[in-house]
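Listed below are the residues making up each chain.
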Amino acid sequence: LSGVSEAQKRAFRIWLKQTPTPAEPAVTDPPDMSWFREGAEIPESRQFRIGTLIGTGGMGIVRKAFDSVLNREIAIKVVRRSDDPRQVERFLKEAQAAASLNHENDIPFYSFGNHLGAPYIAMEYMQEGDLGKSLRLQLPDVDQAIEWSRQIAAALAHLHANQITHQDLKPS
């Protein structure tokens, strides 16, 4: 990579080795999300068959799913606390903001819905998994870490150019 000295690469390697990777989050579904289990379907449309858990976060739960209409694997994110109007509003704003974007480093959103009062977003399923899991399995070499950093920076620059601030940036 042009513009990156060997000393900078060595320093980055040392930093990577010293930076702890986050532990896998605890995986629990809140009681009102019992319909969001592996093998379930969203009854209104029967379009989405819920699959395995991908991850959880402060705002939502993400599961792999199958879109039977478009015949493809997708990811579905459901708001964790559908009884909290602020969470639901933030979730809707996230969906609207993401849907307005078109960038190679952003995950496209396909649709937004609501089941039993719980809003959900259907989005592209990333077969490769997330960056957090990759980092827990193996630290990248410096060139790969720089490339990932470049992609993250490009995606963030695109967000900022569209007056959107990412409020939950993490490897996953």
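What you see is a predicted model, and the numbers here were worked out from it, not measured in a lab.

K.L.:
Before we move on, can you summarise the overall build of the protein with the specific residues and values?
P.N.:
Summing up its helical and strand segments, the protein has four helices and five strands in all. Put simply, the protein runs from its N terminus to its C terminus through helices and strands in the order α-β-β-β-α-β-β-α-α. Out of the 172 residues in the protein, the part that is buried amounts to 32%. For the protein, contacts bridging at least 24 residues in sequence account for 50% of all contacts bridging at least 6. Total accessible area computed for the protein in this model is approximately 10,700 Å², and 53% of it derives from carbon and sulfur atoms.

K.L.:
Lay out the pairing of strand β4 (residues 109-115) with the relevant residues and their values.
P.N.:
Where β4 meets strand β5 (residues 118-124), six bridges bridge the pair, whose relative direction is antiparallel. Counterpart to F112 in the pairing with β5 is I121. From the end of β4 to the start of β5, which pair antiparallel, there are two residues, and L116 there has a positive phi angle of about 50°.

K.L.:
Can you tell me about helix α4 (residues 142-161), naming the residues and giving the values?
P.N.:
Compared with the 28 Å implied by 1.5 Å per residue over 20 residues, the 28 Å span of α4 between its first and last C-alpha is a close match. Buried within α4 we find V142, A145, A155, H158 and L159. With a side-chain oxygen positioned 3.1 Å from the backbone nitrogen of D143, the residue opening α4 is D141. Among the residues trailing α4, Q163 stands out with phi positive, at a value near 60°.

K.L.:
If you had to explain the side chain of R63 to someone new, which residues and values would you point to?
P.N.:
For R63, the location among the structural elements is in strand β2 (residues 60-67). For R63, the side chain forms a polar contact with the main-chain oxygen of G51, separated by 3.3 Å.

K.L.:
I'd like a rundown of the packing of aromatic side chains, residues and numbers included.
P.N.:
Each aromatic ring pair is described using two quantities: the centre-to-centre distance and the angle formed by the ring planes. On inspection of all chains with the given rule, the structure shows two aromatic pairs. Seen from their ring centres, F91 and F112 are 6.2 Å apart, and the 45° between their planes marks the pair as tilted. In this pair, F91 is assigned in helix α2 (residues 85-99) and F112 in strand β4, connecting sequence segments 21 residues apart. Using a relative accessible area of 0% as the deciding quantity, one classes F91 as buried. Here the basic side chain of R72 rests over the ring of Y110, its NZ or CZ set 3.8 Å away from the ring centre.

About the cut-offs
Residues numbered from 1 in each chain as written. Predicted model: local features only at pLDDT ≥ 70, side-chain atom pairs only at ≥ 80, totals over all residues. Heavy atoms only, no water. Helix = DSSP H or I, 4+ residues; strand = E, 2+ residues; numbered from the N terminus. Buried < 20%, exposed > 50% of the residue type's maximum accessible area, 1.4 Å probe, protein only. Contact = heavy atoms within 4.5 Å. Areas by Shrake-Rupley, 256 points an atom, 1.4 Å probe, with all protein chains shown as cover. Pairing = 2+ DSSP bridges. Expected span 1.5 Å × (residues − 1). Polar contact = N/O pair within 3.5 Å; in protein donor to acceptor, adjacent residues only side chain to side chain. Phe/Tyr/Trp six-rings, centres within 6.5 Å; stacked < 30°, edge-to-face > 60°. Lys NZ or Arg CZ within 6 Å of the ring centre and 35° of its normal.

Just distances and angles here, no functional claims.
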